[in-house]
Each structure stands twice: as structure tokens, then as C-alpha cells.
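Per-entry structural report
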Amino acid sequence: MKSRTKVVVIGGGIAGCSTLYHLTQEGWTDVVLVERNELTSGTTWHSAAQVTNFGMNQTMVGLKTHSINLYQELACDPDYPINYHHGDGGIRLANTEAQMQGYRHFASMARGMDVHFEVIDAAECAQRHPLISTSNLIGGLWDPLDGDIDPAQLCQALARRARKAGAEVYRNTPVTALSQHKDDTWTVHTEHGDIDCDIVVNACGYRVNEVGAMMNVHHPVSSMEHQYFLTEEISEIKEAGHRMPLLRCPISDYYCRQEKNGLLIGFYEQNCKTWGMDGIDPNFVNALCPDDLDRVTDVLEGAFERMPALMKTGIHTVVNGPITYTIDGAPLVGPIPGKRNAFCIIGLRAGIGEGGGHGWLLAQQIVHGEACYDTWCIDPRRFTGHTNVELTALKAIEDYQNEFRFHFPHEHRPAARPAKTTPLTPILAAEGAEFTVVNGWERMEYVKPAPDFHPSLSFHFDETFDVVASEVANVQNNVGLCEVNGFNRFEITGADTHDFLDRMFCGHVTRKPGKVGLGYLLNDMGMIKGEATIANIPASYRGDDRVWYGSAAAAEFHDMDWLHQHMRDDEDVHIKSLTNDQTILVMAGPKAREVLTACSRGDWSAAAFPWLSVRECFIGFSPATVMSVSFSGELAYEIHVPNASLYAVYLALREAGAAHGMKLFGSRAVESMRMEKGFLHWKADLLTEFDPFETGLSRFVKMDKPNFVGKSALEERLKAGSHKKLVSLKIDCTHAPAYAGASLMEDKEVIGSISSGDWGHRVGLNLAYAFVNPDKSEIGTVMALDHLGDMVRAEVIATGPYDPSYERIRA
Ligand SMILES: Cc1cc2nc3c(=O)[nH]c(=O)nc-3n(C[C@H](O)[C@H](O)[C@H](O)COP(=O)(O)OP(=O)(O)OC[C@H]3O[C@@H](n4cnc5c(N)ncnc54)[C@H](O)[C@@H]3O)c2cc1C
């Protein structure tokens, strides 16, 4: 066994084997994998091992495509061929029009990744899968490349290739402890000796938290028991002359694939069961949980009705094993928050199909710092600190129960809520607020017109359309008040603060006391890493000079890690998170200044407190920090309040606002208004796949600065020219917004993808942002949006059609 290597991957299931192989592919061959037992002895060995291409966003589709291509290549390797039924096809069933709408959108989205799903009717479903009945069926989504693979052979093939490239694999070598050194390197302690290394990777499947504990980390991953059974031979299958496609059923929560001449059917029962919550027997190796088919009777019936041939077929084997879930169903693949040189690839609930792709994206992150796709949807830092064992388990149960039911737009599932609240949450609830969840925070979406208001789940504009319109109208004409909780807020202090920030941001960072600026952080490849406001708060009785760094609600761990990684040892810079201590009340509208003047001492005139200013003050008798910034396009103030004073400030503002028609508005109104102003959202429109010039942010880049993170890479990109350009679009459709990922077409060619969209109530337009081929980015260019199955006209318009001269914000 080596005593020193570059990377130690812990765990020899699909996650670990794929990571090891892909590290060698990215050029790092001095790498090892340690496995406590034999390879695949965790969950991998007993997997149903279906490999599908379906994903809810382009990153997931892209990584699954990588798996499929890789597995096909492995299957065809004459030196070590493996069993892979590639291209049996698969159908996701639907019995509601709303599900079909979703499938049409996902087909449009996948087309941008060169993946061609087909939305088919019920008769066509039955044509392609001769065992199914069409009762209670409208149609489905056809995924032509679905199949299944031998999971043990797959892992052996990956490990074999990795070994050939120079990697080493140590079996029967349990990791017992991890120590990190001052220089951030690690020692991995095993039963057979220690290995020093630069980087560790946790790929431990359901034992994720045993290894997490060795580095003092709790990962939000829970295990559920999951069952499938194998049937005896079914004559219809034998006679069909072709293999049965896979089935996924959101109506009755099961999946099904062919196994020999019978079927393998797996269930996601409502009466489901967590596993290993209080620790896992160390001897649970190559093991299964006891069969419990009684638990799945609710879903069994649906499967039998859909495939009547099952009624006369015996079951010969039942498999019940642990499967891991995170709190949003997507795995955790990337850097471990708060740790240096530590990565994970955990929480895989469809790890055989996805594992090839996840290992690929992880290896890229380890070797190059970033992957070819934006990986936020699988980033371990997307949850910040509220995800204990209980919350994770509650979300895991909910996800398991809804395995094949995709989230509709604006659907808020109820498990583990409320997790993060402010003193205002119950007050807003009493005012009729509907809440959405932003990184665990209960954030007001809109005020319900009636207590029993329940909009339909749909991809079309729903019953909230008029509600949001009236909140926007009140912001436009009077004044509105909105709570923005969980907004990420760092306080940065120290003599070198501005020099440090100057290096981190690609543009000008204001140093003027009392001023606020917006800026962008790039990664080492010159791509968009983050977006933040910088507010320079002058010294006062509340503290010395300090900078408040504000960014998206989920960005706390991500941004904290990024800033810390770039801080030099000799720099006097200190970062403290205020995210959980402060809440923002946004007051927006032409009468906002009158309200502020009525409840806060001082001169709030445009001359004394112009746009992009920050000032400490009192609202009523409570401390607050006010910034004149606007995401809505109206005159607006962000009022930052310590949570202890939040209710008092709220009461003071409501009282002062009563005479000016103040009403509440929520995040849906904000979303509509920011589209009209040309403002972008981090991780919707601001992605690591594009540089700031491609994203239309050239005014925020100062190439003549001596240096900033990503500068040299950006210079190279500038020479090479843009690959895509962000544009604003006007969509000729009044019944549904454009959704992220949907394809923009010209002559059957995909020329771009939507990043976000919404109706602009003040301009009366259906608006969207999209990344398109640069030659299609001129204003007036017309293209077709593949929109829920229809081709709809989309035209490039000037970004920010509402009040383009910014007169209202500056008023
Ligand atoms: C019944 C069932 C059916 C499934 N069907 C499908 C399907 O059809 N398609 C699909 O894509 N997915 C399916 N899955 C899920 C899929 O099997 C898993 O996502 C995948 O196998 C997880 O792989 P892994 O490498 O993350 O974990 P594991 O396979 O559990 O591997 C983790 C490894 O880490 C090792 N380890 C743990 N602790 C230590 C330590 N201290 N030191 C060293 N090594 C350690 C373990 O021994 C183990 O080998 C199914 C799961 C179940 C339970």
C-alpha cells in the first residue's frame, strides 16, 4: 500500500469507482481507492441498475448522457466486455394533462443537450410496451436510450481501467479515521496503515456519515429501505421478439424493466421506511434488509392493473436494500462545505445510471476547480446548516414517496417545514401570506386573496397571475413592503478589506464610505462564480468601518469558502456571517421615501441619500441599516434589521405606510419586476458556463485593473470570442411563461436555451432571458421557442424594457 498519494477516494461502489476512473482520465494517475470490504459490497451490488437519460435540468441530462456513452464504450471493450442492455427505451407514464405539459417541457430542455425524448400518446405507449393497458393513461415521455447494466461488472471495468492508468485499489481496507494537517493535506488512517494525501473523497454510500464524522461533518443524507422483486418468466415477453422498454409510473409509484424473460419491478410505497437512523451494523456487508412486501401493497395494485400479465406470474426473488436520499433528491457531488481539499459524491439515489456522470463532474472539479456544466444543482454547499438528521429524513421520506412526480413550477412540498423563520413569519401568515422555501427559509410568495386559495399545479400561468399583477401595481403606484429573509450577509472588516475585494471582483469595487456597489466574482476560468453587493458602512457607535457583502440566500457556504480560499495569510481581512441575524425588509414604490421620512429621523431626500447609498439609522426606535438599492425598478430601500427588532420595524413601517397605500408584496412580484428591469438571478442566469461578457455584464468588468481572480483566463476567452450571448426575449404567448432550459430553434436547429422567464406585468410582455448563439443576439432577431410542445415566436428585445433610463429608481 502506498504511504503517500494525491487523492484517496474512500468507498468502492459506483461513486468511488467512477471518481477514481475519471481522475485518471483528467490526468491525475497517482490516486488510490480504499474500500472496507470488496468492491460493490454496499448498495451497488444489488441495484436494479437501470440507466436512464431523463433529468429535470440540463446538467442532469448532460451527466446522464455521459454515463450512457461511457457505459456503451465499456460494454464494447473487447478486452473486458460488460453486460449493458443499451437502448431498450423507456416510458414515463402520465395520466394528467399537467404531467404531459411537464414532459413536453423536459423534451424541449433535453433537446438543447442533443437528447431526443418523444412525448407519445397512450396508444403509442402500449404499442411500445405490449404488456401495459391504456386505462387511466394519457401518454408518456419516451426516452430512447434507457437500459440496464450489470453494476458489479461496471465497477470492475472502471476500476480496471483506472488501475491500468496508474491508480491503485485497496480492498478490505476500512478507513478508521481522518486527520487534516495545518497545510490542509490529509492522512487517511486505515486498518492496514496510513496514507498521506492532498485530497480526500467521501464516496461511502449509506455509511457516508460514519466517514463524515471522521472529519466532523454531518452530511444531509438519509437512507430508505427500497424493494424490488423479480418475476418468473412471462410468456408475452418471450413472444414479443424485442426487449421490453423500462417503465416509470408516477401514477402508482413503481418502475419496471425486463430481467431475463420476466420483469423486475421496484416500488416507492407511501408507507416507506428510513434505515440506519441510529447507526449501521458494522457487519452489514453485501447484505439486504428483510423482505417486506406487505409494505408495498398500495403500489403493487397499480402495477398489476397496468400490467395484467403480472396477475398470473409468480415472484421468485425479493430484494430490499438501503438507498440514500438528500433533502432535495439530488446528490451531493463537489466540495464539502467548510473543509479544504475534501470532496464528496454521496446521496446517490440513482447512482448506477448517474454515477458515470457524477464521477466525471467531480473529477473535473477536483482537478480543474470547476466542471464543464454548472454543478450548483448537485453542489454540497446548496444547503446551509439547517439540515440535521431529522429534517433530512423527513425530506427523504417525502422525496421517496414522490419519486417519479416531478416538481411543478411553484410547487411547495410540506415536509420539514417550517425550518427557518423570522419573527415576522407568523405575522405574515396571519396576513394571508403564501410561502415558498428558499434554502429552508419560509419566504413570502404573495398574499392569498382568500384563506382557501390553492392555485393549480400547472406549467401554464395559474390563478396567482392576477394576485401578482395587483401586488406589482401597488408597488408601481404606491408603495409595497416585502420581507427578504435568509439573504446572505457577510460583514468584512480589517485594513486589507478593499484590496482583497478588489482582487476578488472583476470590476470596480467602490471604496467610498456610505456607498453601495454591485459586482461579480469570477472563477479561475474567467467564468461567473458569484454576484454580490458591497456596502461600505462608515464607523459608528455600532462598530468600525466595515463592508457588508450581500449575495443570494443559498450562497452563504459557497461564497464563504470561495472568499476564504483566496485570503492571503498576511492579509488583515475578517469575515463574519450575519445571514441568520439580520433580515431585509424591502420597501419599494414612488411613495417609499415619504414612508421612510415619516418613521425615521434624517434627510432622506434624493440629494442627501441618492441611489446606491447606505446609512445606519433608526426606524421608529429600532436600529436599522438602509440601502437605496432596487431590484424592482421602482424607488426602493433595503432596510436591514437585526431579527430582535424586526417586528418593531415592521410595525413602524406599516403604521407610516398606511397613509400611502402600503401593501405587502412577495417573491413572485419581485421575480416579475426583475425581469422587466434586466436584473439577473444567480444560478439561473449567472452560471459558471458563461463569462461576464457572454452574460451581458461588460459594464461590470474592468480589464485594466492590475489583477483579479480569473483575469488571465478571461483575457484568453476575449481573444477567442463569445460562445453564447445572454439576450432578453419577448415571447408571443399569453398562457405560459418560458421555463429554464427550453430550446430556442431556427430551422430545426437549437440556437439557444432559456435561463429564466416570467410575465412582466408593468410592460405587459411575456419576458425571458436566454443564452443564444452570438449571431442570433441582435435586437429584432426572431426565433422559435419550443414551448410546452408548441413552436412559439420569440424576439430579441433590449434588456430591461421597464424604465430604461432608471428615472424611477433615481427619483
Ligand atoms: C433496491 C435498489 C434498487 C436500485 N435501483 C437502481 C436503478 O435501477 N438505477 C440506479 O441508477 N440506481 C439504483 N439504485 C441506487 C444505486 O444502486 C445507488 O445509488 C448506488 O449503488 C450507490 O452507490 P455508492 O457508490 O454511492 O454507494 P455504495 O454502493 O454503498 O458504495 C459505498 C462503498 O463505500 C464503502 N465504505 C463505507 N465506509 C467505508 C470506510 N470506512 N472505509 C472504506 N470503505 C467504506 C462501502 O463498503 C461501499 O462499498 C437502487 C438502489 C436500491 C437499494
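Here's a quick rundown of the structure. Model, not experiment: these values are computed from the prediction.

As for the site of the ligand
Near the ligand lie 38 residues; those nearest to it are Glu-35, Thr-44, Gln-50, Leu-348 and Gly-353. At 2.7 Å, a side-chain N or O of Gln-50 approaches an oxygen atom of the ligand. Between the ligand and Gly-353, the relevant distance is 2.8 Å, taken from an oxygen atom to a main-chain nitrogen or oxygen of the residue. Protein contact buries 97% of the 1000 Å² of open area that the ligand shows by itself. Breaking the shell around the ligand down by element, the ones donating at least two residues are helix H1 (14-25), strand E13 (222-231), strand E18 (315-325) and helix H9 (351-368).

Brief notes about helix H17 (residues 667-677)
Burial of H17 is extensive: nine of the eleven residues sit out of reach of the surface. Here H17 has its buried residues at Arg-668, Ala-669, Glu-671, Ser-672, Met-673, Arg-674, Met-675, Glu-676 and Lys-677. Elements in contact with the buried residues of H17: strand E22 (441-447), helix H12 (464-477), strand E36 (749-760), strand E37 (765-772) and helix H19 (807-810). Just downstream of H17, Gly-678 is the residue with a positive phi angle, here 80°.

Observations regarding the sheet that holds strand E4 (residues 84-85)
The sheet built from three strands is open, its strands ordered E3-E8-E4 with antiparallel pairing. Among the strands making up the open sheet, the edge pair consists of strand E3 (50-51) and E4. As defined by bridge partners, E4 adjoins strand E8 (residues 147-149) across two bridges and the pair is classed as antiparallel. If you follow His-85 over to E8, its bridge partner there is Asp-148.

Here's the deal with the pairing of strand E1 (residues 4-10)
Judged by how many residues are buried, E1 sits mostly within the fold: five of seven residues are covered. Traced from E1 through H1 to strand E2 (residues 31-34), the parallel crossover comes out right-handed.

Describing the packing of aromatic side chains
Tallied over the entire structure, the rule returns 33 aromatic pairs. With 5.3 Å between their ring centres and 85° between their planes, Phe-54 and Phe-106 make a pair best called edge-to-face. With Phe-54 in the loop between E3 and helix H2 (58-75) and Phe-106 in helix H3 (residues 97-111), this pair connects stretches of sequence that are 52 residues apart. The pair formed by Phe-54 and Phe-106 is uniform in burial state, with each residue classed as buried. Judged by centre distance (5.8 Å) and plane angle (55°), the ring pair of Tyr-255 and Tyr-268 falls under tilted.

Let's talk about the layout of surface pockets
Of the voids in this model, the second largest pocket is the one considered here, and its volume is about 520 Å³. Lining the second largest pocket are 29 residues; nearest its centre among them are Pro-335, Phe-343, Gly-369, Trp-562 and Gln-565. Secondary-structure elements contributing two or more residues to the lining of the second largest pocket are strand E20 (342-346), H9 and helix H14 (556-566). Taken together, the residues of the lining of the second largest pocket sort by class into eight nonpolar, ten polar and eleven charged.

Considering unusual backbone geometry
In most cases, non-glycine residues show a negative phi, while peptide bonds are predominantly trans. Pro-418 follows Arg-417 through a cis peptide bond whose omega is -5°. Its place among the elements puts Pro-418 in the loop between helix H10 (389-401) and helix H11 (425-430). Even without glycine at this site, Lys-260 takes up a positive phi of about 50°. Here Lys-260 lies in the loop between strand E15 (254-259) and strand E16 (262-267).

Brief notes about the environment of Ala-415
Its place among the elements puts Ala-415 in the loop between H10 and H11. Among the residues examined, Ala-415 registers a relative accessible area of 16% and is labelled buried. For Ala-415 and Gly-266, which are 149 residues apart along the polypeptide, the C-alpha to C-alpha distance reads 24 Å. The residues touching Ala-415, leaving out its near neighbours within four places in the chain, are Leu-394, Lys-395 and Glu-398.

A short note on the pairing of strand E35 (residues 743-746)
Relative to E36, E35 runs antiparallel, the two being bridged by four bridges. If you follow Leu-744 over to E36, its bridge partner there is Gly-752. Linkage of E35 to E36, two consecutive antiparallel strands, is achieved through a turn of two residues, within which Asp-747 is found at a positive phi near 50°. Here E35 runs beside strand E38 (residues 782-787); their pairing, made up of two bridges, is antiparallel. Bridge assignment links Met-745 to a residue of E38, and that residue is Ala-784.

Side note on the sheet that holds strand E32 (residues 636-642)
Ordered by their spatial adjacency, six strands build an open sheet running E30-E31-E32-E29-E23-E33, and the pairing between neighbours is mixed. Two strands in the sheet have a free side with no partner beyond their single neighbour: strand E30 (614-619) and strand E33 (662-664). Across this sheet, the average inter-strand angle for adjacent strands is 30°, counted without regard to direction. Looking at chain direction, strand E29 (residues 582-588) and E32 are connected through seven bridges and run antiparallel. The partner of Met-587 across the bridge, within E32, is Tyr-637. Packed onto the sheet, helix H15 (residues 592-599) meets strand E23 (479-484), E29, E30, strand E31 (622-627), E32 and E33 and runs at close to 125° relative to E29.

Things to note about the nonpolar core
By size, the foremost hydrophobic cluster in this structure holds 70 residues, and its most contacted members are Leu-23, Ile-149, Leu-154 and Val-201. Per-element tally for this core: the top contributor is H2, with eight residues. Apart from the residues lying within four places of it in its own chain, the contact partners of Leu-154 are Ile-14, Tyr-71, Leu-74, Ile-82, Ile-149 and Ile-352. Counting 31 residues, the second-largest nonpolar core is a separate cluster that includes Val-595, Trp-604, Phe-609 and Val-641.

Overview of H12
A rise of 1.5 Å per residue sets the reference length of H12, with its 14 residues, at 20 Å; its end C-alpha atoms lie 20 Å apart and thus fit the reference within 8%. Taken together, the buried positions of H12 are occupied by Thr-464, Val-467, Val-468, Glu-471, Val-472, Asn-474 and Val-475. Seen from one end, H12 has its buried residues packed into an arc of 160°, which puts them on one side. For H12, the secondary structure elements touched by its buried residues are E22, E23, E29, E33 and H17.

Points about the packing of H12 against H17
Close contact between H12 and H17 brings their axes to 9 Å; oriented N to C, the two are set at 70°. On the basis of the axis angle, H12 is roughly perpendicular to H17. Judged by residue contacts, Thr-464, Val-468, Glu-471, Val-472 and Val-475 of H12 engage Arg-668, Ala-669, Ser-672 and Met-673 from H17. Here the residues of the contact of H12 with H17 are counted per class, giving five nonpolar, two polar and two charged.

What counts as what
Residues numbered from 1 in each chain as written. Predicted model: local features only at pLDDT ≥ 70, side-chain atom pairs only at ≥ 80, totals over all residues. Heavy atoms only, no water. Near = heavy atom within 4 Å. Polar contact = N/O pair within 3.5 Å; in protein donor to acceptor, adjacent residues only side chain to side chain. Areas by Shrake-Rupley, 256 points an atom, 1.4 Å probe, with all protein chains shown as cover. Helix = DSSP H or I, 4+ residues; strand = E, 2+ residues; numbered from the N terminus. Buried < 20%, exposed > 50% of the residue type's maximum accessible area, 1.4 Å probe, protein only. Contact = heavy atoms within 4.5 Å. Pairing = 2+ DSSP bridges. Right-handed = clockwise from strand over helix to strand, strands pointing away. Phe/Tyr/Trp six-rings, centres within 6.5 Å; stacked < 30°, edge-to-face > 60°. 1 Å grid on protein atoms, 1.4 Å probe; cavity = no way out; pocket = protein on both sides within 12 Å on 5 of 7 lines; lining within 4 Å. Points joined across faces, edges and corners; volume = space filled by probe spheres on them. Nonpolar A, V, L, I, M, F, W, Y, C, P; charged D, E, K, R; others polar. Axes fitted to C-alpha atoms, helices over the stretch in contact; angles between N-to-C directions. Core = buried A, V, L, I, M, F, W, Y, C linked by side-chain atoms within 4.5 Å. Expected span 1.5 Å × (residues − 1). Arc of directions from axis to C-beta. Parallel < 35°, antiparallel > 145°, perpendicular 65-115°, else oblique.

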